[in-house]
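One letter stands for each residue in the lines below.
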Amino acid sequence: KRLSYITPQEMLGERFHMSEKLISSINPRAVFSEAGAVILVASAKRSLEKGSALRIDAVKSSGMVVVYGAGDQVLASYPATIGSENTPSPSGEHTIERIARNPNYTYNPEKNFQQGKNTEILVLPPGPNGPVGTVWIALSKPTFGIHGTPEPSQVSKTTSNGCVRLTNWDAEELADLVKPGVSVRFVD
């Protein structure tokens, strides 16, 4: 029904924007499966004005997503995985069409990339461990979007199938900053 967290460390890592290894290393004696356990975490709260983004640049050369507000002020920047040689991200300017939180993932080999020998439509349930993580920000270019990932440690280290992949926590923050109609530029 849901592609949920597998371990308490994974859940805490996402909630506090930390790797599972870091959580375990700063809590060497913690029993994560025990209710009431005291666990040290980083403070990850930022306060940004909802809906304040006016433009997003997906910079392919640096693997960064930069979010601009009024007066071209940089509101946020996020490390990202932006396409690959086999399935590059689009070029030019597009707009945000819609934002889906906790989306199902539908793989359609007639519309999407070809995954092995699979020729069937596949629908996976929502959750942080789904292929697009906890947020899908659909672009005006069909089948392309900005989304989360089940593997935050791989952001900016692996390739994508043309989309812009962020950590779930960055995708969620970005979803708060944008609304349909916001421009997304793909910059080399």
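Quick caveat: nothing in here was measured; it's all calculated off a predicted structure.

Caption draft 1: Spatial organisation of the overall build of the chain. Along the backbone of the chain there are three helices and 11 strands. When its C-alpha atoms are laid out on the principal axes, the chain stretches across 50 × 50 × 25 Å. By residue count, 43% of the 188 residues in the chain fall in the buried class. A sequence separation of at least 24 residues applies to 58% of the contacts in the chain between residues at least 6 apart. Element-wise, carbon and sulfur atoms account for 51% of the exposed surface of the chain, whose accessible area totals about 10,500 Å². Of the side-chain charges in the chain, 19 are positive and 18 negative, and the distance between the mean point of each set is 2 Å.

Caption draft 2: Focus on the side chain of glutamate 10. Assignment of secondary structure puts glutamate 10 in helix α1 (residues 8–16). Buried charge glutamate 10 goes without a salt bridge, the closest partner of opposite sign being arginine 2 at 11 Å. Here the side chain of glutamate 10 touches asparagine 129 through a polar contact of 3.2 Å, side chain to side chain. If we skip the residues at most four places from it in the chain, glutamate 10 touches Tyr5, Glu20, Asn129 and Pro150.

Caption draft 3: Seen up close, the environment of isoleucine 23. With respect to the secondary-structure elements, isoleucine 23 resides in helix α2 (residues 20–26). Take isoleucine 23: its relative accessible area is 0%, and that puts it in the buried class. Between the C-alpha atoms of isoleucine 23 and alanine 171, which are 148 residues apart in sequence, the distance is 21 Å. If we skip the residues at most four places from it in the chain, isoleucine 23 touches Gln9, Leu12, Gly13, Met18 and Phe32.

Caption draft 4: Region of interest: the nonpolar core. Of all hydrophobic cores here, the largest spans 26 residues; its most connected members are Ile56, Val67, Val164, Leu166 and Leu174. Elements with a contribution of two residues or more to this core: β1 (55–59), β2 (64–68), β3 (74–79), β8 (135–139), α3 (168–177) and β11 (183–187). When residues of this core are assigned to their parent elements, the largest contribution, four residues, is made by α3. In this structure isoleucine 56 touches Val65, Val66, Val67, Ile96, Ile146, Leu174, Val178, Val182, Ser183, Val184 and Arg185, once residues within four positions along its chain are discounted. Membership of the second largest hydrophobic core comes to six residues, among which are Tyr105, Tyr107, Val132 and Ala138.

Caption draft 5: Examining the pattern of salt bridges more closely. Evaluated as defined, the whole model comprises six salt bridges. Aspartate 57 is paired through a salt bridge with arginine 55; the nearest N and O atoms lie 3.1 Å apart. For aspartate 57, a relative accessible area of 5% translates into the label buried. Classification of arginine 55 by relative accessible area gives buried; the value is 16%. Aspartate 57 is paired through a salt bridge with arginine 185; the nearest N and O atoms lie 2.8 Å apart. With a gap of 128 residues between them, aspartate 57 in strand β1 and arginine 185 in strand β11 connect regions that are remote in the sequence. Each of Arg55, Asp57, Asp72 and Arg185 takes part in a single network of salt bridges with overlapping partners.

Caption draft 6: Here's a closer look at unusual backbone geometry. With a phi close to 50 degrees, asparagine 102 is a non-glycine residue in the positive phi region. Among the structural elements, asparagine 102 can be located in the loop between β5 (92–101) and β6 (105–107). Despite not being glycine, serine 156 has its phi angle at roughly 70 degrees, a positive value. Among the secondary structure elements, serine 156 is positioned in the loop between β9 (145–147) and β10 (164–165).

Caption draft 7: Region of the structure containing the sheet that holds β9. Ordered by their spatial adjacency, nine strands build an open sheet running β3-β2-β1-β11-β5-β8-β9-β10-β4, and the pairing between neighbours is mixed. The open sheet has two free edges, formed respectively by β3 and β4 (81–82), since each of these has just one partner strand. Pairing of β8 with β9, which is carried by three bridges, proceeds in the antiparallel orientation. By the bridge assignment, tryptophan 136 is partnered in β9 with histidine 147.

What counts and how
- Residues numbered from 1 in each chain as written.
- Predicted model: local features only at pLDDT ≥ 70, side-chain atom pairs only at ≥ 80, totals over all residues.
- Heavy atoms only, no water.
- Helix = DSSP H or I, 4+ residues; strand = E, 2+ residues; numbered from the N terminus.
- Buried < 20%, exposed > 50% of the residue type's maximum accessible area, 1.4 Å probe, protein only.
- Contact = heavy atoms within 4.5 Å.
- Areas by Shrake-Rupley, 256 points an atom, 1.4 Å probe, with all protein chains shown as cover.
- Lys, Arg positive; Asp, Glu negative; His and termini not counted.
- Charge placed at Lys NZ, Arg CZ, Asp CG, Glu CD.
- Salt bridge = Lys/Arg side-chain N within 4 Å of Asp/Glu carboxyl O.
- Polar contact = N/O pair within 3.5 Å; in protein donor to acceptor, adjacent residues only side chain to side chain.
- Core = buried A, V, L, I, M, F, W, Y, C linked by side-chain atoms within 4.5 Å.
- Pairing = 2+ DSSP bridges.

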